[in-house]
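# Overview (structure and organization)
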Amino acid sequence: MGKFINPFTDFGFHRIFGQEVHKELLIDFLNQLFFGEHDIEDITFLNPIQTPETLDDRGIVFDVHCKDSNGNLFVVEMQTGAQPYFHDRGLYYLARAISNQGQKGKDWKFALQPVYGVFLLNYKMDVNSKFRTDVILADRETGRMFSDRIRQVYLELPYFQKEPDECENDFERWIYLLKHMDTLERMPFKAKKAVFDKLLEVADVANLSKEERIQYDEALKRYRDYKNTIDYAEERDIERERIYGP
């Protein structure tokens, strides 16, 4: 087991980004992700469980659901392995976050707060074959933004290949840490910014309580079992193509 928790386990992701006591980590990550656009001073965690609107509908559980002091809503999701239609799922999640703003009565004027979806992917989605895909509602001909009420940002970590000394800003340092955290023996960048020192404290396995350690061990086992299943399926596909051709 590594010195630091794996952020792509349910436990690890929630411990870093989903706890009120450590919310300065999520605030800094979002500020670096949207650097020059937002200066988030505080966030409020919202209920991640979105109940279905009817008995026949499907409920949703967000990984992290929060609101900043200006009313902007953020849905932050972690995805370990490829899923079909994941970008459709992301759009559906944000659509639910928008529809939940509806108010009863004829006086509501459809004044929506912006909803941002941030999706950290530990695999290649192979839509644009690049690290960051930033999706907005824009006019097809001019490219001019039509509405800022919904936005999707997909971060495909396998495309991020920089080493620590190549990271040019705090956002890139965040991405490097998230991608490599479970294999690090020491936490780089801690001298760069206090938030990275805090991340070291939060992510250190030695700082987990006995109960938290049990929860993390269980989450890590599920993660490894899932990864082994995916890796085996990929190996079989490669072998099948070698024998029978694509």
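Scroll up to find the structure this text is about.
The sections below set out a description of the structure shown in this document.

### Re the nonpolar core
Counting 51 residues, the largest nonpolar core has Phe17, Phe29, Leu30, Leu120, Leu155 and Trp174 as the members making the most contacts within it. If near-sequence neighbours (up to four positions away) are discounted, Leu30 is found in contact with Ile40, Phe74, Val76 and Val118. Core analysis: the next-biggest nonpolar cluster, separate from the first, contains nine residues, Tyr93, Ile98, Val115 and Ile150 among them.

### A few points about the pattern of salt bridges
Scanning the model with the defined rule gives 18 salt bridges in all. With a shortest N-O distance of 3.3 Å, Lys3 and Asp204 are connected by a salt bridge. Placement of the pair is Lys3 in the segment before helix H1 (10-17) and Asp204 in the loop between helix H5 (194-203) and helix H6 (210-244), with a sequence separation of 201 residues. A residue is classified by how much of its surface remains accessible, and Lys3, at 35% relative accessible area, is partly exposed.

### Some details on the environment of Asn169
By the element assignment, Asn169 lies in the loop between strand E8 (145-156) and helix H4 (170-180). Among the residues examined, Asn169 registers a relative accessible area of 33% and is labelled partly exposed. Of the polar contacts made by the side chain of Asn169, one reaches the backbone nitrogen of Glu172; its length is 2.9 Å.

### Things to note about the packing of aromatic side chains
Under the definition given, this model contains 19 aromatic pairs. Here the aromatic rings of Phe34 and Tyr116 are separated by 5.2 Å at their centres, their planes lie at 65°, and the arrangement is edge-to-face. With Phe34 in the loop between helix H2 (23-33) and strand E1 (43-45) and Tyr116 in strand E6 (residues 115-121), the pair connects residues that are 82 residues apart, well separated along the chain. Neither residue differs from the other here; Phe34 and Tyr116 are each classed as buried. Plain terms: the ring middles of Phe189 and Phe196 are 6.1 Å apart, the flat faces sit at 55° to each other, and that makes the pair tilted. Here Phe189 matches Phe196 in class, with each residue buried. Among the aromatic residues, those joined into a ring-pair cluster are Phe13, Phe17, Phe29, Phe131, Phe160, Phe171, Trp174, Tyr176, Phe189 and Phe196.

### Section: the side chain of Gln152
Here Gln152 is to be found in strand E8. Its relative accessible area of 9% is what places Gln152 among the buried residues. Reaching out from Gln152, the side chain makes a polar contact with the side chain of Tyr154 at a distance of 2.7 Å. For Gln152, the contacting residues outside a window of four places in its chain are His87, Gly90, Leu91, Leu94, Gly117, Phe119, Thr133, Asp134 and Val135.

Rules of the game
- Residues numbered from 1 in each chain as written.
- Predicted model: local features only at pLDDT ≥ 70, side-chain atom pairs only at ≥ 80, totals over all residues.
- Heavy atoms only, no water.
- Core = buried A, V, L, I, M, F, W, Y, C linked by side-chain atoms within 4.5 Å.
- Buried < 20%, exposed > 50% of the residue type's maximum accessible area, 1.4 Å probe, protein only.
- Contact = heavy atoms within 4.5 Å.
- Salt bridge = Lys/Arg side-chain N within 4 Å of Asp/Glu carboxyl O.
- Helix = DSSP H or I, 4+ residues; strand = E, 2+ residues; numbered from the N terminus.
- Polar contact = N/O pair within 3.5 Å; in protein donor to acceptor, adjacent residues only side chain to side chain.
- Phe/Tyr/Trp six-rings, centres within 6.5 Å; stacked < 30°, edge-to-face > 60°.

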